[in-house]
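Tertiary structure, described
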Amino acid sequence: MVVSIVGGHGQIALDLSRLLAADGIEVRSLIRNPDHSEEVREAGGQPIVCDFESSSDQEIDSAIEGSDVVVFAAGAGPGSGADRKESVDYGAAVRLIEAARRNGSPRYVMISAVRADPDFPGDEVFAVYQRAKGRADAELIASGLDHLILRPVRLTGDPATSQISLARKVPELESEYVPRADVAAVIAEAISHHPEASGIWNLSSGEKPVSRAFA
């Protein structure tokens, strides 16, 4: 199996690379900055420099060609403005959808955000972010691609607990926080063992073992 991760130098992506590589899966880590290549390699990924804001369609197609699964783990990041929320959290995600459709329609795993909504109210940057995520999710759902959308609550840098809460409805979640490492573990579980996992799932810390996430 070949898995391509967009935003391959992010913490979730690096943790996911380690888990997938340990399962014998080939990981391609798509990154913007070539200086991050060595860290990506140490995590078990093959670094490929490909900027989804500026690369051509041909360059993106070449980067993901032959992938069985693509993972959108990129984000404009804290401190970025509304323009980059639009160009990365929405624009780059949609470019990956288009590339997946051109390249044999691999399964698409989206790391979204809890309560992402195309109609999220407000003018602040956070509202722009929530709308961008919501619109990207809607585009993926409408694309016809086999997809899984994971919407974690507030992310932390804590060590993995391997105990999560996974629910279709936000009020059913057991916590307002989740370690990035546990987000990576849930995605790895879905990719390696649950090809049937699909649609939108909300994620937080909880009492369910990651190994039973989609059971």
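Each helix and strand counted, the chain has 6 helices and 11 strands in total. Taking 215 residues into account, the globule formula puts the C-alpha radius of gyration at 17 Å, and the chain, at 16 Å, falls close to it. In terms of its C-alpha atoms, the chain occupies a principal-axis envelope of roughly 40 × 40 × 35 Å. Counting only residues that meet the buried cut, the chain has 53% of its 215 residues in that class. By sequence separation, contacts in the chain at least 24 residues apart represent 67% of the contacts at least 6 residues apart. When the accessible surface of the chain is totalled, it reaches about 9600 Å², and 47% of it is carbon and sulfur. With 21 positive and 33 negative side-chain charges, the chain shows a separation of 3 Å between the mean positions of the two kinds.

Let us now look at the packing of helix 3 (residues 57–64) against helix 4 (residues 82–102). With their axes 10 Å apart at the nearest point, helix 3 and helix 4 run at an angle of 65° to one another. Between helix 3 and helix 4, the angle is such that the two are roughly perpendicular. Remark: the crossing between helix 3 and helix 4 carries right-handed chirality. Where helix 3 abuts helix 4, its residues D57, I60, D61 and I64 lie against R95, L96, A99, A100 and R102. Its residues assigned to classes, the contact of helix 3 with helix 4 shows 5 nonpolar, no polar and 4 charged.

What counts, and at which threshold
- Residues numbered from 1 in each chain as written.
- Predicted model: local features only at pLDDT ≥ 70, side-chain atom pairs only at ≥ 80, totals over all residues.
- Heavy atoms only, no water.
- Helix = DSSP H or I, 4+ residues; strand = E, 2+ residues; numbered from the N terminus.
- Rg over C-alpha atoms; globule rule 2.2 N^0.38 Å.
- Buried < 20%, exposed > 50% of the residue type's maximum accessible area, 1.4 Å probe, protein only.
- Contact = heavy atoms within 4.5 Å.
- Areas by Shrake-Rupley, 256 points an atom, 1.4 Å probe, with all protein chains shown as cover.
- Lys, Arg positive; Asp, Glu negative; His and termini not counted.
- Charge placed at Lys NZ, Arg CZ, Asp CG, Glu CD.
- Axes fitted to C-alpha atoms, helices over the stretch in contact; angles between N-to-C directions.
- Parallel < 35°, antiparallel > 145°, perpendicular 65-115°, else oblique.
- Left-handed = near helix turned anticlockwise from the far one by under 90°.
- Nonpolar A, V, L, I, M, F, W, Y, C, P; charged D, E, K, R; others polar.

Purely geometric stuff here, so don't read any function into it on its own.
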